[in-house]
Amino acid sequence: MALLKEHYVPLGLGTKIKTNMPVHPFLEKMNQTPHAKQLGIQLVSAEKNTVTLKLPFNDAIIGDPISRVIHGGAITTLIDTASGASVFQAQDNLRALATLDLRVDYSRPAATGEDVYAVAECYQMTHSIAFSRVTVFTTDSKKPIATALATFMRSNKAFPVG
Amino acid sequence: MNLVEKINAIKENQDDAALVELIPYANFIGVQTKLVNGNIISSLPFKQSNVGNPAIPALHGGAIAGFMENAALFHLLWQIELVTIPKIIDFSIDYLLPGRSECSYSQCEIIRLGRRIALCNIKTWQDNDQQPIALARAHFLLSENDPVK
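Given the structure is predicted, the values throughout are model-derived calculations rather than measurements.

1. Concerning the sheet that holds strand β2 (residues 50–55) of chain A
So, point 1. Strand order across the open sheet formed by twelve strands is β1(A)-β2(A)-β4(A)-β5(A)-β6(A)-β3(A)-β5(B)-β8(B)-β7(B)-β6(B)-β2(B)-β1(B), with antiparallel pairing between neighbours. The sheet is open, and its two borders are formed by β1 (42–46) of chain A together with β1 (32–36) of chain B, each paired with just one other strand. Taking the axes of each pair of neighbouring strands and ignoring which way they run, one obtains an average angle of 25° across the sheet.
So, point 2. Summarising the sheet, β1(B) and strand β2 (residues 39–44) of chain B pair through five bridges and their orientation is antiparallel. Considered in β2(B), the bridge of Thr33(B) is made with Ser42(B).
So, point 3. Against the sheet, helix α3 (residues 72–91) of chain A engages β1, β2, β3 (95–106), β4 (116–125), β5 (129–137) and β6 (146–158) of chain A together with β5 (87–95) of chain B, with an angle of about 135° to β3(A).

Next up, the structure:
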C-alpha cells in the first residue's frame, strides 16, 4: 500500500484533512461514535479504498503500568474503526456493516507517549462481504506495531448514526 | 509496592475487585472483576461511552474486544504466578451478536500454558451464557526468552 509522507503527519484540531479524493461525509461521522470520540480517534486522510486514523496517546488507555504502553484493546478499537471506515470509503454509501471477525497480530509494543496511526485498506468487496487489512504504526509505517485483517457483512440498510 | 507485591497482596486479600486498578485501560472502559468459584469473571456494565452505533444502541466492537483482552489478562494474573503483565501476541475475535445496552460478562479459559506462552479462549455473553455475543482466542507472552549465549 503506497503511503504518502503527509498521511502520517500529525494534524492538530481544526487542520484541514489532506486527501486526494473527496472524503465521504460519513467518514467524519464514523469517528464521532461515542466510543471513538471518547478515545479521541481522528480521521487523518482518505483515498479510494484506504483511510488513515489516529489514536492520540493518553494515560487513561495504558495497558501495562510498568512499561506504560497502550493497551491492545484500544489498538483493537482503532483497527475496528479504521477497517470499517475503509469499507465505507470503498463502497461510497451508507450501507451498514457488521464485523464478522477481526484478527490482530501485535508485532511490537508502541513506545509510550507516541500517537498511534492505523492505515486500513478495503481490498476486496463482494455483494454481501467486505475484507479489509490494516497496518498500525507510530512514527514509521515501515515498522508496524500491529497488522490486522477484518471481515464484514454488508447490510442493505443505511448505518443509522444519530 | 512493586507490581508483583501488588498482585500478591490482591491475591492474599482475595481482593478481586482491585485487579482492575492495575490496568488503566480496564478502568477507562469500566471493567469490573469478581471471583466466582476460584475463577475471575469480568463484567462490563453498559456505558454510553462504549457505544459504537448509537441508533441501536450497540457496543463498539473494539470495546468488546478490549473487554475480552482484559478478561484474559485478569484471569492469567489471578491463576498464574507472574512478574509482569502478560504481553498480547495475537488476538482473534468472532462477533456473533450485537452487544446490546446491558451488562456483558467474560470468562477466560487457558487452553495451553507453557513456560513462556499462554493460549486463551475467551467467551462473552449478556443475559444468556448459552448465547455468547463474541468468542475470541489470544496468545500471550508471559516472560521473555533468555538471551542467546
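2. Focus on the nonpolar core
So, point 1. If you look at the biggest cluster of nonpolar residues, it comprises 81 residues, and the most contacted ones within it are Val116(A), Val136(A), Phe74(B), Phe91(B), Ile93(B), Ile122(B) and Phe140(B).
So, point 2. Considering every element that reaches this core, the biggest residue donor is helix α3 (residues 61–79) of chain B, with eleven residues.
So, point 3. If we skip the residues at most four places from it in the chain, Ile122(B) touches Met68(B), Ala71(B), Ala72(B), Phe91(B), Ser106(B), Gln107(B), Cys108(B), Ala134(B), Leu135(B), Ala136(B) and Ala138(B).

3. Let's talk about the interface of chain B and chain A
So, point 1. Contacts between chain B and chain A engage 35 residues on the former and 33 residues on the latter.
So, point 2. Both faces considered, chain B and chain A share a buried interface measuring about 2700 Å² in area, 59% of it formed by carbon and sulfur atoms.
So, point 3. With a shortest N-O distance of 3.4 Å, Arg103(A) and Asp90(B) are connected by a salt bridge.
So, point 4. Viewed at the interface, chain A and chain B are joined by 16 residue pairs in polar contact (both at pLDDT 80 or more).
So, point 5. The residue makeup of the side of chain B that touches chain A, split by class, is 19 nonpolar, eleven polar and five charged.
So, point 6. Where β3(A) lies against β5(B), five bridges are found, and the strand directions are antiparallel.

Each value, and the rule that gives it
- Residues numbered from 1 in each chain as written.
- Chains lettered and ligands numbered in written order.
- Predicted model: local features only at pLDDT ≥ 70, side-chain atom pairs only at ≥ 80, totals over all residues.
- Heavy atoms only, no water.
- Pairing = 2+ DSSP bridges.
- Helix = DSSP H or I, 4+ residues; strand = E, 2+ residues; numbered from the N terminus.
- Axes fitted to C-alpha atoms, helices over the stretch in contact; angles between N-to-C directions.
- Contact = heavy atoms within 4.5 Å.
- Core = buried A, V, L, I, M, F, W, Y, C linked by side-chain atoms within 4.5 Å.
- Buried < 20%, exposed > 50% of the residue type's maximum accessible area, 1.4 Å probe, protein only.
- Buried area = accessible area lost by both parts, 1.4 Å probe.
- Salt bridge = Lys/Arg side-chain N within 4 Å of Asp/Glu carboxyl O.
- Polar contact = N/O pair within 3.5 Å; in protein donor to acceptor, adjacent residues only side chain to side chain.
- Nonpolar A, V, L, I, M, F, W, Y, C, P; charged D, E, K, R; others polar.

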